[in-house]
Amino acid sequence: MVTATLADRQATRNNDAASPRRRRSGRSTLLTVAMLLCLVYFLLPIFWLVVASTKANEDLFSSFGLWFSNMNLAANLHNVFTFQNGVFSHWMINSLIYAISSGVGAAALATAAGYAFAKYKFPGGNTMFTIVLGAVMIPMTALAIPTYLLFAGANLTNTPWAVILPSLVSPFGVYLMRVYAADAVPDSLIEAARVDGASEMRIFVQIVLRLLVPGSITVLLFALVASWNNYFLPLIMLNSPELFPLPVGLAQWQAASAAGSGSQALFSTVITGSLVSVLPLMAAFLFLQRYWQSGLGSGAVKA
């Protein structure tokens, strides 16, 4: 009788110990399913883009959209880079120039401004940072017309500067770098450098920038994506097709296809051009993420 009671108590303890594991296992399974659904949600449009880029124009409307038909990728790529005397190559070069210039410039300015707001006390600093926070709330489309009038007065419209200069301003990047610099750069390190006789510029260039690399790369990625996908600003600033970036140029091809003015074959050309336009962004993320991850890892280790 005593042996049976002890055995029942032991079984009860085992069940109590196993129940948290079962609950954790259930939550883990639910989380895995949710992540898989999110993965499908994000990758399905890219998969469709890849599949559609391999089809001829007639196959786009006669075959199943999520699977391959007759392979026509080589012909589509040839059409993309030869249509209108190869203007797509000019659009891609323009997008690279706009995105790299805007991304690097926005990251540099945001890093310097964020560090200044975080580590320097000067009159009006809090007010200026409040204005920056307010600028984050303003949509870029609301500033497009005033920006156009400003650049038109300076005779800078229909030039690359009309696209690059407005993209250098990143209020969210300044806010992000201010928050990041406040924790990533110790005040004691700055004071030690000042005691050793280092100038403020030398402290920023040789010490602070190395600590702010992960945050700067994050701002750079955001600025690259925003500039690469920017459509409305180049649309109102530029008139010459030779200066168009990829979003504006592809939109014009799409409009010609939708109008049906003898250009129906442009559907496959536009889709394939969209696939090509995505590849540089993917390459940028794959190339920059190692600096991002390594910087985060090194910043997490304390002596």
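Just so you know, the residues in each chain are numbered from 1, in the order the chain's sequence is written. Since the coordinates come from a predicted model, pLDDT governs what is reported: local features require at least 70, and pairs of side-chain atoms require 80 or more to be given and counted, while whole-chain, interface and lining totals use all residues. The side-chain quantities take in all heavy atoms of the structure and omit both hydrogens and water.

Participant: I tried to follow the overall build of the protein chain on my own but got confused; where do I start?
Facilitator: Secondary structure follows DSSP: runs of H or I at least 4 residues long count as helices, runs of E at least 2 residues long count as strands, and numbering of each begins at the N terminus. Scanning the protein chain from N- to C-terminus turns up 14 helices and zero strands. Along the protein chain, helices and strands appear, N-terminal first, in the series α-α-α-α-α-α-α-α-α-α-α-α-α-α. Three labels apply to residues, based on accessible area from a 1.4 Å probe with only protein chains included: buried if under 20% of the type maximum, exposed if over 50%, partly exposed otherwise in between. Taken over 303 residues, the protein chain has a buried fraction of 33%. Contacts are residue-level and defined by heavy atoms, with any inter-residue pair within 4.5 Å sufficient. For the protein chain, restricting intrachain contacts to residue pairs at least 6 apart in sequence, the fraction spanning at least 24 positions comes to 70%. When the accessible surface of the protein chain is totalled, it reaches about 18300 Å², and 68% of it is carbon and sulfur. Throughout, the Shrake-Rupley method with a 1.4 Å probe supplies accessible areas, and for residues the shown protein chains are the sole cover considered.

Participant: Can you walk me through the packing of helix 5 (residues 125-136) against helix 8 (residues 171-184) in this structure?
Facilitator: Each packed pair of helices is defined by two parameters, the angle between the axes and the distance between the axes. Note on geometry: axes are lines fitted to C-alpha atoms, helical ones only across the stretch in contact, with angles between N-to-C directions running from 0 to 180 degrees. Running from amino to carboxyl end, helix 5 crosses helix 8 at an angle of 130°, the nearest separation of the two axes being 8 Å. Put simply, helix 5 runs oblique to helix 8. Relative to helix 8, the crossing made by helix 5 is left-handed. Counted together, Phe129, Val132, Leu133, Ala135 and Val136 of helix 5 and Pro171, Phe172, Val174, Tyr175 and Arg178 of helix 8 form the full contact between these two elements. Working definition: roughly parallel below 35 degrees, roughly antiparallel above 145 degrees, roughly perpendicular at 65 to 115 degrees, and oblique for all remaining angles. Crossing handedness is defined as follows: a turn of the near helix away from the far one that is anticlockwise and smaller than a right angle gives a left-handed crossing, while the clockwise case is right-handed.

Participant: Where do I start with the layout of surface pockets in this structure?
Facilitator: In this approach, a probe sized like a water molecule rolls over the atoms, and the result shows the empty space that is left. Taken as a whole, the largest pocket holds about 860 Å³ of empty space. Sorting the residues of the lining of the largest pocket by element identifies helix 4 (87-119), helix 5, helix 6 (140-153), helix 7 (161-167), helix 8, helix 11 (213-228) and helix 12 (232-237) as the ones contributing at least two each. In terms of residues, the lining of the largest pocket owes the most to one element, helix 6, which gives six residues. All residues other than Ala, Val, Leu, Ile, Met, Phe, Trp, Tyr, Cys, Pro, Asp, Glu, Lys and Arg, Gly among them, are scored as polar; the first ten of these are nonpolar and the last four charged. In the lining of the largest pocket, the residues fall into 25 nonpolar, eight polar and no charged. The definitions used throughout rest on a 1 Å grid laid over the protein atoms alone, on which a cavity is an enclosed set of points accommodating a 1.4 Å probe that cannot get out and a pocket is an open set flanked by protein within 12 Å on both sides along at least five of seven lines; lining residues are those having an atom within 4 Å of a point. Grid points are joined across faces, edges and corners, and a volume is the space filled by probe spheres set on the points.

Participant: Looking at this structure, I do not really get the nonpolar core. What am I missing?
Facilitator: Of all hydrophobic cores here, the largest spans 49 residues; its most connected members are Phe88 and Tyr115. Here this core gets eleven residues from one element, more than from any other, and that element is helix 4. Apart from the residues lying within four places of it in its own chain, the contact partners of Tyr115 are Tyr120, Ala181, Val185, Ile190, Ile203, Phe204, Val208 and Leu212. In plain words, nonpolar cores are sets of buried Ala, Val, Leu, Ile, Met, Phe, Trp, Tyr and Cys residues tied together by side-chain atoms within 4.5 Å. One finds Leu49, Ala52, Phe267 and Ile271 within the second-largest nonpolar core, a separate group that totals six residues.

Participant: Sorry, what's going on with the confidence of the model for the protein chain here?
Facilitator: Do not read the fine detail of predicted coordinates wherever pLDDT is low. Known as pLDDT, the predictor's confidence for each residue is given on a scale from 0 to 100. In the predicted model, the protein chain carries a mean pLDDT of 85, and 85% of its residues have values of at least 70. At the level of individual helices and strands, the protein chain shows its lowest average pLDDT in helix 1 (residues 2-53), which scores 73, and its highest in helix 4, which scores 95.

Participant: Whenever I open this one, the packing of aromatic side chains confuses me. Can you help?
Facilitator: Note on aromatic pairs: the rings of Phe, Tyr and Trp (six-membered ring only in Trp) are paired at centre separations within 6.5 Å, and the planes decide the class, stacked below 30 degrees, edge-to-face beyond 60, tilted for the rest. Considering all chains together, one arrives at 16 aromatic pairs under this definition. Between Tyr115 and Phe204 the ring centres are 5.4 Å apart and the planes differ by 35°, which places this aromatic pair in the tilted class. Placement of Tyr115 in helix 4 and of Phe204 in helix 10 (residues 200-211) is noted, with a sequence separation of 89 residues between them. Pairing Phe117 with Phe122 gives two aromatic rings, centres 6.1 Å apart and planes at 35°, and the pair type is tilted. Judged by its relative accessible area of 33%, Phe122 falls in the partly exposed class. Any Lys NZ or Arg CZ found within 6 Å of a ring centre and within 35 degrees of that ring's normal is scored as a charge over the ring. Stacked on the ring of Phe129, the Lys or Arg Arg178 has its end atom at 4.8 Å from the ring centre.

Participant: Got a minute to help me understand unusual backbone geometry in this structure?
Facilitator: What is expected of a backbone is that most residues other than glycine have negative phi and most peptide bonds are trans. If you check the backbone angles, Asn85 has positive phi at about 60° while not being a glycine. Within the secondary structure layout, Asn85 lies in the loop between helix 3 (73-82) and helix 4. With a phi angle near 55°, Asn155 is a residue other than glycine that sits in the positive phi range. On the basis of relative accessibility, which here comes to 65%, the residue Asn155 falls in the exposed class.

Participant: Help me understand the environment of Phe64 in this model?
Facilitator: Position of Phe64 among the secondary structure elements: in the loop between helix 2 (59-62) and helix 3. Classification of Phe64 by relative accessible area gives exposed; the value is 58%. The spatial distance from the C-alpha of Phe64 to the C-alpha of Ala52 is 9.8 Å, given a sequence separation of twelve residues.

Participant: Help me understand helix 10, please; the structure alone is not making it clear to me.
Facilitator: Each α-helix turn comprises 3.6 residues. Residues three or four places apart therefore point the same way. Here helix 10 is twelve residues long and its end C-alpha atoms lie 15 Å apart, about the 16 Å a rise of 1.5 Å per residue gives. What helix 10 keeps buried is the set Ile203, Phe204 and Val208. One side of helix 10 holds all its buried residues, which, seen down the axis, span an arc of 90°. Residues of helix 10 that are buried in the fold lie against helix 4 and helix 9 (187-195). How far a helix is expected to stretch is found by multiplying one less than its residue total by 1.5 Å. Note that the arc is computed from the directions linking the helix axis to the C-beta atoms.

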